[in-house]
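# Breakdown of the fold
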Amino acid sequence: NSILELVEYIYIYTFLRKEMNIAEKDDQAPVFILGHPRTGTTMMHSLLAMDTELFCVCNTFQAGFPTAFLSFESIGKRLFSGVLTETRPMDNMPLHFDLPQEDELATCLLTGGRFSPYMSLYFMRDEYDYRKFQTMRDDGMGGRKVKSHEVDTWIQCFQKLINKLKCRDILLQRRKNSENRHITQSNDTYSNSESYFPHRLLLKSPCHTGRAELLLRMYPKAKFVYIHRNPYEVFLSGAHMASTTYGYMFLQRPTDAMLQEYILRQGELLIEEYIRCKQIGILNESNLVEVSFEDLTTKPYETVKTIYQNLDLRINFESSDFSQALQKECKKLRGYKRNSYEKVLLHDNIIQEINSRWACQFDTFGYNKEEVNGKI
């Protein structure tokens, strides 16, 4: 990434200054998908990203090579074509370089891994050192606070990624237009990049759930989609992800207790900060819509339609090409096999931990707690 970054800098300065200038001046605020890990944020991201007339996204390749994707993406995809499996190891979701991906992975690399909670997946024994980056405020325990220069660096790197993604979208539009002109032999299409403007960014990362206040300072007109799920399922799915995926990342060997604490504490930090932002009114009905994982998986078309209506994203939703494509995709999803945890029994002590530490999730979204020895 470091060597490629130098090449990218020269490439942008030499060939893309006009496009980058357009990207930097674009004032469209992103739409952010929020939610605890394992609540369906990836599925939501994939469905909304189908609306290519409205949105552009950060894809898997760009998340892995944020310093160089403008100059290296077409070559890199061919070089690493056999690296990815067809599906993700923790679930049955497809995986390839062009699929929407978490922008936090890219920002983490751009900051040199210094200011992202995801670094705790590499150094789980030092997980406490990265907790403050869950909210970009503090560790939630009155301890370590994020320093101003850390926030400033994160913002700078995040904005750099945003501008590059917008620039890439401009280039993609120009390429498609050139292809269409070649096919139709028409001279009526635009001939210079100043005629192109980036689509609105659709960004997804569970980390953003704890950063709504910071994101709204950066983008006052941002919109948010929050997904919630039964807390017991979230914990079980998180534990399954830890056992099937995290092992590829560990540079320190954690204990089961460390992994359990990571899942529980992350849930506390994210939901408490999210609820705080609702209580002080910066997240409200004008910029936020909440949906459940159950609705997303059982009636995805209706759920997406509700999001568009509540956030006023499209006037002509039902007559759009996206609506037609979404209906076809939703029919395919009927055969999607989600992980089932019905036969998995949680120990009583874990149920008590979840009931206690994630109580606000049960209370806020109306999920029922299981009894342990006659007590909830």
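Throughout this description, residue numbers start from 1 for each chain and increase along the sequence as written. Only residues with pLDDT of at least 70 get local features here, since the model is predicted, and only at 80 or more are side-chain atom pairs given and counted; chain-wide, interface and lining totals rely on the full set of residues. Water and hydrogen atoms were dropped before computing side-chain values, which therefore reflect all heavy atoms in the structure.

### Some points on the pairing of strand 3 (residues 200-204)
Among the 5 residues of strand 3, 5 are classified as buried, and the element is accordingly described as predominantly covered. Only protein chains enter the area calculation, which uses a 1.4 Å probe; residues under 20% of their type maximum are buried, those over 50% are exposed, and those in between are partly exposed. Going along the chain from the N terminus, every DSSP run of H or I of four or more residues is numbered as a helix, and every run of E of two or more is numbered as a strand. Residues of strand 3 alternate between two faces, with Arg200, Leu202 and Lys204 on one and Leu201 and Leu203 on the opposite face, all of them buried. At least two DSSP bridges between two strands are needed for those strands to be called paired. Direction of pairing for strand 1 (residues 31-34) relative to strand 3: parallel, over a ladder of 3 bridges. Opposite Phe32, over in strand 3, you have Leu203 as the bridge partner. Both strand 2 (residues 55-56) and strand 3 contribute to a ladder of 2 bridges, which runs parallel. Bridge pairing in strand 3 places Phe55 opposite Arg200.

### A few points about the pattern of salt bridges
We count a salt bridge whenever a side-chain nitrogen from Lys or Arg sits within 4 Å of a carboxyl oxygen from Asp or Glu. Applying the stated criterion across every chain yields a total of 25 salt bridges. In this structure, Glu102 engages Lys204 in a salt bridge whose closest nitrogen and oxygen atoms are separated by 3.7 Å. Highlighted residues: Glu102 in the loop between helix 5 (69-79) and helix 6 (103-110) and Lys204 in strand 3, separated in sequence by 102 residues. Of the residues examined, Glu102 reaches a relative accessible area of 12% and is grouped as buried. Residue classification places Lys204 among the buried residues on the basis of a relative accessible area of 4%.

### Quick look at the sheet that holds strand 2
Overall, parallel pairing links the 5 strands, which are arranged 2-3-1-4-5 in an open sheet. In the strand order of this sheet, the two ends are held by strand 2 and strand 5 (288-292), each with one partner. We call two residues in contact when some of their heavy atoms are within 4.5 Å. With axes taken as lines fitted to C-alpha atoms, and helix axes fitted only over the stretch in contact, angles between N-to-C directions fall between 0 and 180 degrees. Its contacts with the sheet place helix 3 (residues 41-48) against strand 1, strand 2, strand 3, strand 4 (223-228) and strand 5, and it is angled at close to 160 degrees to strand 3.

### As for the side chain of Asp169
Residue placement: Asp169 occurs in helix 7 (residues 148-184). Charged residues are defined here as Lys and Arg on the positive side and Asp and Glu on the negative side; His and the ends of the chain fall outside this count. Although Asp169 is buried, it makes no salt bridge; Arg168 carries the closest opposite charge, 6.2 Å away. Residues contacting Asp169, with those up to four places away along its chain left out, are Cys56, Phe197, Pro198 and His199.

### Observations regarding the environment of Tyr301
Structurally, Tyr301 is set in helix 12 (residues 300-311). Those residues in contact with Tyr301 that lie beyond four places of it in its chain are Phe317, Glu318, Ser323, Leu326, Gln327 and Cys330.

### A few points about the environment of Leu99
When you line up the elements, Leu99 lands in the loop between helix 5 and helix 6. Measuring from C-alpha to C-alpha, the distance between Leu99 and Phe61 comes to 8.5 Å, with 38 residues separating the pair along the chain. Beyond its immediate chain neighbours, meaning those up to four positions away, Leu99 contacts Cys58, Asn59, Thr60 and Pro94.

### Side note on unusual backbone geometry
One non-glycine residue, Arg38, lies in the positive phi region at around 80 degrees. Here Arg38 is to be found in the loop between strand 1 and helix 3. In this structure Arg38 comes out as buried when scored by relative accessible area, which is 12%. Despite not being glycine, Asp312 shows a phi value in the positive range, around 55 degrees. Of note, Asp312 is situated in the loop between helix 12 and helix 13 (321-333). The class of Asp312 is exposed, set by a relative accessible area of 61%.

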